[in-house]
Amino acid sequence: MSDSPVSDSTLSASTAPGETASVRARPPRGLGLALLASELAILFRRTRTIAMLAALAAVPILIAVAVRVSSSGSSGRGPAFIDQITQNGLFVGVAGLILCIPLFLPLTVGVAAGDTIAGEASHGTLRYLLVAPAGRVRLLIVKFLGTVAFCIAAPLVVVLAGTVIGAILFPLGNVTLLSGDTVSISESLGRALLMSAYVSVSLIGLSAIGLFISTLTDTPVGAMAATIVISVAAQVVGSLDQLAWLHPWLFSYHWLGVVDMLRQPILWSSFGDNAILQLGYVIVFGALAYSRFVTKSILS
Amino acid sequence: MTGNAGSNAFAPGALAIETHGLTKRFGSHLAVDSVDLAVPRGSVFGFLGPNGAGKTTTIRMLLGLVGATSGSISVLGQPMPASLASVLPRVGALVEGPAFYPFLSGAANLHRLDTADRSVDGATRSDRVAQALDRVGLGHAAGKKVKAYSLGMKQRLGLANALLAPRDLLVLDEPSNGLDPQGTREVRSLIRSLAADGTTVFVSSHLLAEIEQLCSHVAVMSSGRIVSQGTLDAVRDQDVSRIRVVTTDPVGALRVLADFGLEPSVATDESTADGDVRVVLAPVPATDPGHRTSGIQPEAIVAALVAAGVPVRGFTVEESSLEDRFVALTGEGFAIAEGHSVR
């Protein structure tokens, strides 16, 4: 009935009194990266995000301060990494990162990913973004990239805060790796950043799950809690020998493989296996989120 | 102002919004039931209906937020939601109240929502945000966080968002909600000035007097269906006038008016100073648009009331308002069963 592009003829015909009346259809300009820039700005300027990153930064700082205050030399107890801090401040960031992997990092990622769509829905801004129109697929991609940015920032903050406080409170020196080799300060800093990148990749599968859960509800807290519960559940399952057949499929399977970045030579296969596993999660849960979100009735 | 919605108003392509058999079912609940809307270009179209009538669901379907169960939608001459990406940049909307990020300022909120629209020029963004804020009188509060805004300010910000880019169509759901009388007047004059520029304005409201002052066309929705649609005069004039009797004997007045073939009822919402005094209303159906009382002589009714011994304190023939028509159409009237109150 209205196949023909009627706009041109009717716009000029029906609005004779006011020549300024009609707006010409505006084609999209470029990729529209402004929305991504705005998403990142809102995410990282938000008090909640800043508080989460500050809490993460506090972990290595607390470790370092606690070790320094009670430094009676090596007691032989506690994790090996913590013991090494006193000899070399460069270990503080690494120790903090490993300590944050099982719970603190998944927790903050669960908050960031669970909030993506459900948070917009609860504010009511989802309908205004879509009417703008943001485009549902574009919005989903922007939201996912936002959580990926958070996954990059979160471990980085731990490593940087740890390295800085370590440099302040403890002596620095060449680092002895797990394999027994010794590397220079500058290379050990590179290793720390590599570990941070490994952990970022590790968290991406979880953020895809969080994104999908976030499309299911209008209650961000529910989506956050569900994502966090899933990350804990995956690690519980991962510790049960009876379910060993399932372990390679868990997104948390390679999480502690981050220490392979401390070997000489670096076990790149560990990095690659982890990346492939996470990519699989992104594809599966990205597809689920897509199929859910493009057909979702926006009633919030 | 609305003269351009005249002769060819219903020609194909001259409709800003057109739906055919639009239906939405939520489970077993039929929220919208085969709605045929025809909103002429250049009109100010009032969309009326009681709460739960399906207005907001209809608006959500028009904007592609909710998929229709069946039926077709055309907005600005293009099918929806298929042409959503090219149609929506030309549509400004306020849907079910304003919604913003409470932790951002008013200007930052508009900035954010504007980035969502790929068709606009990012270089002019700050200017357009400032202009939109000035247009709704929020220039002074641009830097204030939205959580510190009053409801009326949020409503204005919602209007500003609808005005961020030049639009062909504005869909405004309850634009005066939460505004003080001054704000209501400002919104009214804003809508008038937009309409004067040729923008079609589709406005839903509960404020019938507002619609009556503003709109050239109306549609009345009730229980998911359109019960009346057309120009304001056509919808209003279907019920030309009513008789209003103030009396201490409402039962007698009801009986006398019923004898004239009218359907009187006791007004429940009009209070009088004296507790015994009641107001009896009787709509007078128009059989001939030229004669307001359709052959029934008001003076004959007065004589009959007096003859029947009904004490009459007041008697008036009132022109019907849109409100009367609305109540009659949506079944919110309070009809007294005939004669059952005879002693």
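Keep in mind that this is a model prediction, so the values were computed, not measured.

Student: Could you clarify how one ought to interpret the overall build of chain A in this entry?
Tutor: Within chain A, the secondary structure is distributed over 11 helices and 2 strands. A total of 300 residues make up chain A; the buried ones form 52% of that total. Taking as baseline every contact in chain A between residues at least 6 positions apart, the subset at least 24 positions apart corresponds to 78%. A total of about 13,400 Å² of accessible surface is found on chain A, and carbon and sulfur atoms cover 69% of it.

Student: What should I look at first to understand the interface of chain A and chain B in this one?
Tutor: How big an interface is tends to be expressed through the accessible area that disappears when the partners come together. Tallying the contact residues gives 47 residues for chain A and 51 residues for chain B. When the buried area of chain A at its contact with chain B is split by residue, Arg26, Tyr128 and Val131 of chain A rank highest and sum to 19% of it. At the boundary of chain A and chain B, one finds 2 salt bridges. In this structure, Glu120 of chain A engages Arg112 of chain B in a salt bridge whose closest nitrogen and oxygen atoms are separated by 2.9 Å. Between chain A and chain B we count 15 residue pairs in polar contact (both at pLDDT 80 or more) in total. Elements represented by at least two residues in the side of chain A that touches chain B include exactly α1 (7-14), α2 (34-45), α6 (104-123), α7 (125-131) and α8 (136-169) of chain A.

Student: Just to check I follow, could you spell out helix α1 (residues 55-62) of chain B for this structure?
Tutor: Note that an α-helix has 3.6 residues per turn; residues three or four places apart therefore point the same way. Counting buried positions along α1 of chain B yields 7 of 8 residues, so the element is predominantly enclosed. Within the span of α1 of chain B, buried status applies to Lys55, Thr57, Thr58, Ile59, Arg60, Met61 and Leu62 of chain B.

Student: What is the right way to look at the pairing of strand β9 (residues 200-204) of chain B in this model?
Tutor: Put simply, side chains in a regular strand alternate between the two faces of the sheet. All names here are of chain B. Most of β9 is tucked away: 5 of the 5 residues are buried. The alternating pattern of β9 places Thr200, Phe202 and Ser204 on one face and Val201 and Val203 on the opposite face, and all of these are buried. The pairing of strand β4 (residues 44-48) with β9 spans 4 bridges and is classified as parallel. Among the inter-strand pairings, Phe47 is bridged to a residue of β9, identified as Ser204. Pairing analysis gives 5 bridges linking strand β8 (residues 169-173) to β9, with the strands arranged parallel. Bridge pairing in β9 links Leu172 to Val203. For the handedness criterion, the β-α-β arrangement of β8, helix α6 (residues 181-196) and β9 is classed as right-handed.

Student: I would appreciate a short explanation of the environment of Arg138 of chain A in the present structure.
Tutor: Along the chain, the position of Arg138 of chain A falls in helix α8. Residues Arg138 of chain A and Gly32 of chain A lie 106 residues apart in sequence; the distance between their C-alpha atoms is 9.0 Å. When sequence neighbours within four positions are dropped, the list of residues in contact with Arg138 of chain A reads Leu31, Gly32, Leu35 and Pro133 of chain A together with Thr115, Ala116 and Arg118 of chain B. Polar side-chain contacts of Arg138 of chain A include one of 2.9 Å to the backbone oxygen of Ala116 of chain B.

Student: Is there a simple way to think about the UniProt feature "transmembrane region" (unreviewed entry) in chain A in this case?
Tutor: Residue and element names in this part refer to chain A. Sites flagged by UniProt as "transmembrane region" (unreviewed entry) map to residues 50-70, 90-118, 139-172, 192-213, 225-246 and 266-290. Annotated as 95% helix and 0% strand, the span residues 50-70 places its first and last C-alpha atoms 30 Å apart. Summarising residues 266-290: 92% helix, 0% strand, and an end-to-end C-alpha distance of 37 Å.

Student: How do you make sense of the pattern of salt bridges when you look at a structure like this?
Tutor: Side chains carrying opposite charge are able to pair once their charged atoms draw close together. Residues and elements named next belong to chain A. One pass over the full model with this rule turns up 16 salt bridges over all chains. The residue Lys143 makes a salt bridge to Glu39 at a minimum N-O spacing of 3.0 Å. With Lys143 in helix α8 and Glu39 in helix α2, this residue pair connects regions lying 104 residues apart in the sequence. Under the relative-accessibility criterion, Lys143 is labelled buried at 5%. Residue Lys296 pairs with Asp218 through a salt bridge whose shortest N-O separation is 3.4 Å. Of this pair, Lys296 sits in the segment after α11 (268-295) while Asp218 is found in the loop between α9 (185-216) and α10 (220-238), placing the two residues 78 residues apart along the sequence. For Lys296, a relative accessible area of 7% puts it in the buried group. By relative accessible area, which is 35% here, Asp218 ends up partly exposed.

Student: How do you make sense of unusual backbone geometry when you look at a structure like this?
Tutor: Trans peptide bonds make up most of the peptide bonds, and negative phi angles are found at most residues other than glycine. Along the chain, Ala132 of chain A connects to Pro133 of chain A via a cis peptide bond; the corresponding omega equals 0°. Following Gln264 of chain A, the chain continues into Pro265 of chain A via a peptide bond in cis, with omega recorded as -5°. Position of Pro265 of chain A relative to the elements: it lies in the loop between α10 and α11. One non-glycine residue, Leu76 of chain B, lies in the positive phi region at around 50°. Unusually for a residue other than glycine, Glu174 of chain B sits at a positive phi of about 50°. Relative to the elements of secondary structure, Glu174 of chain B occurs in the loop between β8 and α6. With a relative accessible area of 16%, Glu174 of chain B lands in the buried category.

Student: Please explain the sheet that holds strand β10 (residues 217-222) of chain B as it appears in this structure.
Tutor: Each strand in a sheet pairs with its neighbour through backbone hydrogen bonds, running either in the same direction (parallel) or in the opposite one (antiparallel). Residues and elements named next belong to chain B. In space, the 6 strands of this open sheet follow the order β7-β8-β9-β4-β10-β11, with mixed pairing throughout. Of all strands in the sheet, those with a lone pairing partner are β7 (91-94) and β11 (225-231), marking the two edges. Averaged over all neighbouring strand pairs, the angle between strand axes comes to 10°, with direction disregarded. Sheet topology places β7 next to β8; 4 bridges connect them, and they run parallel. Each residue of the ladder has a partner; that of Val91, found in β8, is Leu169.

Scoring rules and cut-offs
Residues numbered from 1 in each chain as written. Chains lettered and ligands numbered in written order. Predicted model: local features only at pLDDT ≥ 70, side-chain atom pairs only at ≥ 80, totals over all residues. Heavy atoms only, no water. Helix = DSSP H or I, 4+ residues; strand = E, 2+ residues; numbered from the N terminus. Buried < 20%, exposed > 50% of the residue type's maximum accessible area, 1.4 Å probe, protein only. Contact = heavy atoms within 4.5 Å. Areas by Shrake-Rupley, 256 points an atom, 1.4 Å probe, with all protein chains shown as cover. Buried area = accessible area lost by both parts, 1.4 Å probe. Salt bridge = Lys/Arg side-chain N within 4 Å of Asp/Glu carboxyl O. Polar contact = N/O pair within 3.5 Å; in protein donor to acceptor, adjacent residues only side chain to side chain. Pairing = 2+ DSSP bridges. Right-handed = clockwise from strand over helix to strand, strands pointing away. UniProt positions renumbered as here; feature names shortened; annotations may be inferred. Axes fitted to C-alpha atoms, helices over the stretch in contact; angles between N-to-C directions.

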